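Structural features, examined
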Amino acid sequence: MSDTENQFLVRFWGVRGSIACPGSHTVRYGGNTSCLEMRVGGRLLIFDGGTGLRELGLKLLSEMPLDVTMFFTHSHWDHIQGFPFFVPAFVPGNKINIYGAIAPNGSTIEQRLNDQMLHPNFPVPLQIMGADMKFCDIDVGEVVGLGDVKVENLLLNHPGEAVGYRVSWNGRAAAYISDTEHFPDRLDENVVRLAKDADIMIYDATYTDSEYNNEKSSKVGWGHSTWQEAVKVAKAANVRQLVIFHHDPLHNDDFMDEIAQDTAEQFPNSVVAKEGMVIDLMAAPESAVLA
């Protein structure tokens with residue numbers, strides 16, 4: 001087995017929620033919205049197409065022709081806005097399989113990605129893209145098998161619906177749980193199932209508890225969670241490493257440093273996601289974060 005076939009790497013290209021926030025106050029953690037790259041058993045997987053997807057696409061140009069599998073959690077803007085700028089999708093010879101659940105209004109992931117590129121919102125339509133693109137609708141709870149890589153999904157608690165994913169291969173597992181709101185009186189069974197005994201759990205911790213419950217500006221019902229709830233899930237699910245993700249655009253680098261410290265005090269093997277960070281699931285816990 002080659003080195004690439006024996007890899008399980010997760011690289012973060014976009015770690016923010018809601019809207020991209022580039023600037024001097026977000027240099028260390030990054031300002032692009034949600035996008036993950038996974039190299040699993042020789043396969044290239046991409047999760048979500050936020051603005052971080054543009055940078056990933058430029059990086060992938062050196063590897064063409066590409067065989068890519070993309071999974072979308074949902075189609076809120078911060079998870080799809082990078083798709084029209086994903087350069088490999090415009091290049092003939094590249095193969096891109098795109099998975100997403102059908103929205104509550106019945107629209108497919110193909111329809112939603114197509115609609116954001118129609119006039120007057122965008123200058124060129126999706127049909128200009130020259131890559132061989134195949135769109136695949138998945139049911140909630142359906143398991144997608146990609147050779148010996150298994151991708152599971154379950155429904156999350158988010159306005160307009162979203163799904164979380166669990167990627168399993170060679171005895172390792174990564175849970176990607178973005179855009180979910182915790183319940184006030186119990187843990188979300190779907191979240192715990194996705195994260196159970198996972199090597200890493202990437203979790204939507206957009207707010208702190210004090211922000212979420214703020215009497216003057218409550219975030220209850222907005223569809224997002226907190227780092228305190230992330231710790232509860234990580235402990236309940238016996239997660240090896242917790243990754244704080246989907247940072248609020250108002251949270252600057254110094255604020256994220258505080259969250260990293262507070263989270264580590266409650267769950268020592270935790271890290272706050274940064275753009276460019278790589279986690280090696282095949283490595284020992286103390287050496288898993290490569291950058």
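Refer to the structure presented above.
Residues numbered from 1 in each chain as written. Predicted model: local features only at pLDDT ≥ 70, side-chain atom pairs only at ≥ 80, totals over all residues. Heavy atoms only, no water.

**Things to note about the overall build of the protein**
- Each helix and strand counted, the protein has six helices and 14 strands in total.
- In the protein, the proportion of contacts linking residues at least 24 apart, taken out of those at least 6 apart, comes to 66%.
- If you sum the accessible surface of the protein, you get close to 12500 Å²; carbon and sulfur atoms cover 50% of it.
- Each charge class in the protein can be summarised by its mean position, and for the 22 positive and 39 negative side chains these summaries are 3 Å apart. (Helix = DSSP H or I, 4+ residues; strand = E, 2+ residues; numbered from the N terminus. Contact = heavy atoms within 4.5 Å. Areas by Shrake-Rupley, 256 points an atom, 1.4 Å probe, with all protein chains shown as cover. Lys, Arg positive; Asp, Glu negative; His and termini not counted. Charge placed at Lys NZ, Arg CZ, Asp CG, Glu CD.)

**Considering the sheet that holds strand 5 (residues 95-101)**
- A sheet is described by the order of its strands in space; here seven strands give the open sequence 6-5-4-3-2-1-14, paired in mixed fashion. Of all the strands in the sheet, the pair left with one neighbour each is strand 6 (132-138) and strand 14 (278-280). On average, each strand axis in the sheet is tilted by 20 degrees relative to the strand beside it, whichever way the strands run.
- Here strand 2 (residues 35-40) pairs with strand 3 (residues 43-47) via five bridges, running antiparallel. Bridging from a neighbouring strand, Arg39 pairs with Leu44 of strand 3. (Pairing = 2+ DSSP bridges. Axes fitted to C-alpha atoms, helices over the stretch in contact; angles between N-to-C directions.)

None of the figures reported here should be taken as evidence of function without further support.
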